[in-house]
Amino acid sequence: MSTDDDAQAAATDMCCASCGNTEGDEVKLKTCAACKLVRYCSVKCQKEHRPQHKARCKERVAELHDEILFQQPESSHLGDCPICLLPQSLYHDDATMMTCCTKIICDGCKFANMAHEMEANLESKCPFCRKPESKSKAECIQNRMNRIEKKDPVAIREHGAWCLEEKDLGGAVTFLTQASNLGDAEAHYQLSKLYRDGEGVEKDSKKEWRLLEKAAVGGHPAARHNLGAREGNKCRYERAKKHYIIAANLGQDDSIKALKQGYEIGFVSKEEFADALRAYQAAKDETNSSQREAAKDYLAKREGW
């Protein structure tokens, strides 16, 4: 921004955009809640200035929206394993959610805990909170309900997913909506699919899109990939590319494949694809450990018995 632009912005910030009144003891200016660009001394001035300001306000709101939407999350919505503190794998089969505390434990830590308990002939307990593991489906459900009473968004979302499996669409929508309102990225994503398919709710593509965006901002790679696909279908290839790059940087398989296809047909540059491929591989590498590899070997042998 130039010096003249700085001076103009400062002047605009100090006076009412409609009547020019400056802020003082008698005049308190309030900023436009939508764009944050201009200030007004009264509701009357804001309404009178609306025809002049509307187009720029709408443009700035879109800019602010995209600034948030296209930020690279520090991690996926799954975060780190609370025990080994390594990033969680994006593959759900590589971790277990404990119903007692709703913590997601990677297979490496769960396997290490199990091996220790077997060697010492100890009771099977949660690797994180050390409560005895649930011994029945009914006990799992009761544990989840106890967490729901404490407003745990993960437990609320998981109960919504369970309702969906049980074909209780009303319950699924209720609990997923509650978890979504508490900011759970997975709940945003699951709820978006219900609005896409019209399951338990009326089909609503606008709500689906808003929920996908919320999930993507929360670090959900699959939601981010879906946004990229939707933008591509609308021929908005630059926006699609941005979504795919962000998802690939988190280790999302389908997005790196989409970027490869984009590179082959000329929509993605060689440098962009190379950078995304390096970030994708780095994200994958960060989820690896000798303990997790040992768990994979154990599970593979057990399945082969």
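Located above this text is the structure these notes cover.
Small disclaimer: the values here were computed from a predicted structure and weren't measured.

Draft legend 1. Seen up close, the packing of aromatic side chains. This structure, assessed with the given rule, holds 3 aromatic pairs. Ring geometry for Phe-111 versus Tyr-298: centroids 5.1 Å apart, planes at 40 degrees, classification tilted. Here Phe-111, found in helix H3 (residues 107-120), pairs with Tyr-298, found in helix H13 (residues 290-304); they are 187 residues apart in sequence, far enough to count as distant. When the ring of Tyr-237 is compared with that of Phe-267, the centres are 4.5 Å apart and the planes differ by 20 degrees; the resulting orientation is stacked.

Draft legend 2. Expanded view of a nonpolar patch on the surface. A surface patch of nonpolar side chains, about 320 Å² in accessible area, is lined by Tyr-237, Ile-265 and Phe-267. Classification of Phe-267 as partly exposed rests on a relative accessible area of 44%.

Draft legend 3. Molecular detail of the packing of helix H10 (residues 237-249) against helix H11 (residues 253-265). Interaxial distance between H10 and H11 falls to 8 Å at its minimum, and their mutual angle equals 135 degrees. In this view, H10 runs oblique relative to H11, as classed from their interaxial angle. The crossing of H10 and H11 is left-handed. From H10, Lys-241, Tyr-244, Ile-245, Ala-247 and Ala-248 reach across to H11, where they touch Ser-255, Ile-256, Ala-258 and Leu-259. Per-class residue counts for the contact of H10 with H11 are 7 nonpolar, 1 polar and 1 charged.

Draft legend 4. Unusual backbone geometry, seen in detail. Although it is not a glycine, Lys-36 sits at a positive phi angle of roughly 65 degrees. Turning to its location among the elements, Lys-36 is positioned in the loop between strand E1 (30-31) and strand E2 (39-40). Accessibility expressed as a relative area gives 55% for Lys-36, which makes it exposed. The phi dihedral of Lys-167 falls on the positive side, at around 65 degrees, and the residue is not glycine. As for its placement among the helices and strands, Lys-167 is situated in the loop between helix H5 (153-165) and helix H6 (169-181).

Draft legend 5. Summary view of the environment of Leu-182. Take Leu-182: it is sitting in the loop between H6 and helix H7 (185-197). Look at Leu-182 and you get partly exposed, because its relative accessible area is 47%. Here the alpha-carbon distance between Leu-182 and Pro-153, two residues 29 residues apart in the chain, equals 6.2 Å. Excluding residues that lie within four positions of it along the chain, Leu-182 makes contacts with Lys-151, Pro-153 and Ile-156.

Draft legend 6. Molecular detail of the pattern of salt bridges. Applying the stated rule across the entire model yields 21 salt bridges. The closest approach of N and O atoms between Lys-44 and Glu-48, which form a salt bridge, is 2.7 Å. Placement of both Lys-44 and Glu-48 in helix H2 (residues 43-69) is noted, with a separation of 4 residues, approximately one turn of the helix. The exposed category is assigned to Lys-44, whose relative accessible area is 57%. Arg-157 is the salt-bridge partner of Asp-184, the closest N and O atoms lying 2.9 Å from each other. Here Asp-184, found in the loop between H6 and H7, pairs with Arg-157, found in helix H5; they are 27 residues apart in sequence, far enough to count as distant.

Draft legend 7. A look at helix H12 (residues 270-286). Here H12 spans 24 Å end to end across 17 residues, near enough to the 24 Å set by a 1.5 Å rise per residue. Along H12, the residues classified as buried are Phe-273, Ala-276, Tyr-280, Ala-283 and Lys-284. Buried residues of H12, viewed axially, fall in a sector of 100 degrees; they line one side. The outward face of H12, more than 90 degrees from its buried face, is lined by the exposed residues Lys-270, Glu-271 and Arg-278. The inward-facing, buried residues of H12 contact H10 and H11.

Rules and cut-offs
Here the residue index of a chain counts from 1 through its sequence in written order. A pLDDT threshold of at least 70 governs which residues receive local features in this predicted model, and a stricter bar of 80 or more applies before side-chain atom pairs are shown or counted, although totals over entire chains, interfaces and linings include all residues. Values shown for side chains rest on all heavy atoms present in the structure; no hydrogens or waters enter the calculation. Side-chain rings of Phe, Tyr and Trp, where Trp is taken by its six-membered ring, are said to pair if the distance between their centres is within 6.5 Å; with planes under 30 degrees apart they count as stacked, over 60 as edge-to-face, and otherwise as tilted. Strands are runs of DSSP state E lasting at least two residues, helices are runs of H or I lasting at least four, and both sets are numbered from the N terminus onward. Patches here are clusters of residues that have more than 30% relative accessible area and form no salt bridge, with a 9 Å joining cutoff for like charges and a 5 Å cutoff for nonpolar side chains (Val, Leu, Ile, Met, Phe, Trp, Tyr). Working definition of accessibility: Shrake-Rupley area with a 1.4 Å probe, residue cover restricted to the visible protein chains. The salt bridge criterion pairs a side-chain nitrogen of Lys or Arg with a carboxyl oxygen of Asp or Glu, the two atoms within 4 Å. Each residue's exposure class comes from its accessible area (1.4 Å probe, protein chains only) as a fraction of the maximum for that residue type: buried when under 20%, exposed when over 50%, partly exposed otherwise. To obtain an axis, a line is fitted to C-alpha atoms, over the contacting stretch when the element is a helix, and the angle between two such axes runs from 0 to 180 degrees between their N-to-C directions. In these notes the angle categories are as follows: under 35 degrees is roughly parallel, over 145 is roughly antiparallel, 65 to 115 is roughly perpendicular, and the rest is oblique. Helix crossings are classified by the rotation of the near helix relative to the far one: an anticlockwise turn of less than a right angle makes the crossing left-handed, while a clockwise turn makes it right-handed. What makes two residues a contact is simply this: any of their non-hydrogen atoms within 4.5 Å. Under the convention adopted here, Pro, Cys and the residues Ala, Val, Leu, Ile, Met, Phe, Trp and Tyr are nonpolar, Asp, Glu, Lys and Arg are charged, and Gly plus all remaining residues are polar. Here, expected helix span is obtained from the residue count minus one, scaled by 1.5 Å. Think of it as the arc spanned by the lines of direction from the helix axis to the C-beta atoms.

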